[in-house]
Amino acid sequence: MVIRMDTLYTEYDKNKKKFDDDFKDCSDFLMRETVICGEKGFFCVMDGLIDSLQLSQLIMSPILERDISFHDNQDLQNKIKLSVVNSLEMKEATTFKDCYFFLMSGFCVFVLDGCNKALVFGIQGWAKRSIDEPTNESNVKGAKECFIEALNDNKALLRKRLKTHHLKFKQIKLGSAADTPVVIAYIDNRADQELVREIEHRLKGANLNTVVDYGEILPFMDTDIKSFFSCVGNTERPDVAVSKLLEGRIVIMIEGTPFAIYLPYLFSDNFQSVDDYDSPPFHSGFIRVLKYFSFVISIFLPGIYVAVGTFHQELIPTNLLYTIASEEITTPFSLTTEAIILLVLYEIMREAGIRLPKAIGHAVSIIGGIIIGETTVTAGLIGAPMLVIIAMTAISSYVVYPLYESVSILRFLFIIFGGMFGMYGIILGAGVVFINICSLNPFGVPLSSPISPLDRHSLGDIFYRETWLKLSKRKVRVNKLRGADIDTGKKG
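Here we summarise the structure given alongside this text.

Rules used in this analysis
- Residues numbered from 1 in each chain as written.
- Predicted model: local features only at pLDDT ≥ 70, side-chain atom pairs only at ≥ 80, totals over all residues.
- Heavy atoms only, no water.
- Buried < 20%, exposed > 50% of the residue type's maximum accessible area, 1.4 Å probe, protein only.
- Helix = DSSP H or I, 4+ residues; strand = E, 2+ residues; numbered from the N terminus.
- Pairing = 2+ DSSP bridges.
- Axes fitted to C-alpha atoms, helices over the stretch in contact; angles between N-to-C directions.
- Contact = heavy atoms within 4.5 Å.

Before going further, it helps to spend a moment on helix α4 (residues 96-103). Burial analysis of α4 places six of its eight residues in the buried class, the great majority of the element. The complete set of buried residues in α4 reads Phe96, Cys99, Tyr100, Phe101, Phe102 and Leu103.

Structure representation (structure tokens):
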């Protein structure tokens, strides 16, 4: 089906022929020709996207049963629009492309003879998933709602939490082959308007055929600097999105995906969760320190073990050194090779467990426990201390799950650095990683802020959490952390 930017004709036959030709062999396209007060017209909808009862009661019955006096066809259309139809959501379309977009968004399109614009009425009624509990960002004490694939429902989830006219939903269409509705949400008296314009500019500059999922627009929002860490956050929780909006950030929602992305993104966001704000400050602070510690372990522990065991045995206590040596002397591989083999096997089983059907997914854990936990050690292929190190690393990487993709690759690199250069390679590699994090600054707000550059007023919610008596007095705005101007020359 070829969609052109042709405007509607005033001639009824031409408009009908264009619709018939473009929707040829589309079994879900429904058209009803009718005569209204002696003038020809037609209704058209897409089957499965509309509520048939609303179509009958709010649109077709009032139009077909009403006797309307009019001067010309344009006057008839205006009276239908203003005083006949009962639908609240009503728009006008002047091009065929606009008509098709509304059709595929659950609207009824009404075309009247002698008019070069169509009336479109919102009667959406497609099947959708109900609002359920979050699956990727689980919590103990927080709300139990998550975004779904329906864009209007996602907007409503934000609106019911932020009952203010300052919450804006700017909707645009992306995609050269098929339009996809995308919403830019922000609070106009908190967000930086320059940032809103820059994000809209980057979205409109994305040269995509269509947008199927949020991952397709991430490269256009992210930094140009090569890094293992993304500068774009995502969440499936409306309460998290609301908290980001209140900090002056921008939330982007896409039709068809249950995740919202938000900008600017801070590295410290990875170590915060909803439960932090429902628990006592001393416990929240302990959990956050634990998350930072787990992040360090998940990246550096295998590499440090390989480096110390290969080059710096003097750093290991004597009794522990004897234990490690007695285990490793019977294995045919070096520490570096053992660590890489175990991590590769772990990643294979993790990926298999994710992709397999739930009914047989548990078999992977059983097989993995037999292969890695028992057989490899008994056969003398892998030393037991290395198995303990990899197990600790794997568990620690799940504590800060948003960073899992980055951690899974970095720990391989640090194993290689430790096996080749010892602790010197680990320290040098760590310096490169931290410098890279501090250099990311896609929207003028450094990814590493407020730690670097240091902002003491914003540290009350980073490594620990202050009480709500203090947090309620803070005026947190993410644009106050800006370390440079927004780079407006990126990607279009």
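Glancing now at unusual backbone geometry. A cis amide bond links Leu263 with the next residue in sequence, Pro264, at an omega value of -15°. Among the secondary structure elements, Pro264 is positioned in the loop between β10 (260-263) and α9 (281-311). In the segment running from Ser452 into Pro453, the intervening peptide bond is cis, with an omega of 0°. With respect to the secondary-structure elements, Pro453 resides in the loop between α15 (423-439) and α16 (468-471). Phi is positive for Asp25, close to 65°, though the residue is something other than glycine.

A word on the sheet that holds strand β9 (residues 250-254). The strands that make up a sheet are held in pairs by hydrogen bonds between backbone atoms, and each pair lies either parallel or antiparallel. Strands sit in the order β6-β7-β9-β10-β8 across an open sheet of five strands; the sheet is antiparallel. Two strands bound the open sheet, and with one partner strand each, they are β6 (167-174) and β8 (233-235). Along the sheet, successive strands turn relative to each other by an average axial angle of 25°, direction set aside. As judged from the four bridges shared by strand β7 (residues 180-187) and β9, these two strands associate in the antiparallel manner. When the bridges of β9 are listed, Ala185 appears paired with Val251.

Pairing is antiparallel in the open sheet, where five strands are placed in the order β1-β2-β4-β5-β3. Each end of this open sheet is capped by a strand with a single partner; those strands are β1 (29-36) and β3 (90-93). Here the average twist between neighbouring strands, direction ignored, is 25°. As judged from the eight bridges shared by β1 and strand β2 (residues 39-46), these two strands associate in the antiparallel manner. Along β2, the bridge assignment pairs Ile36 with Glu39. Packing against the sheet, helix α1 (residues 12-22) makes contact with β1, β2 and β4 (107-112), and its axis sits at approximately 20° to β2.

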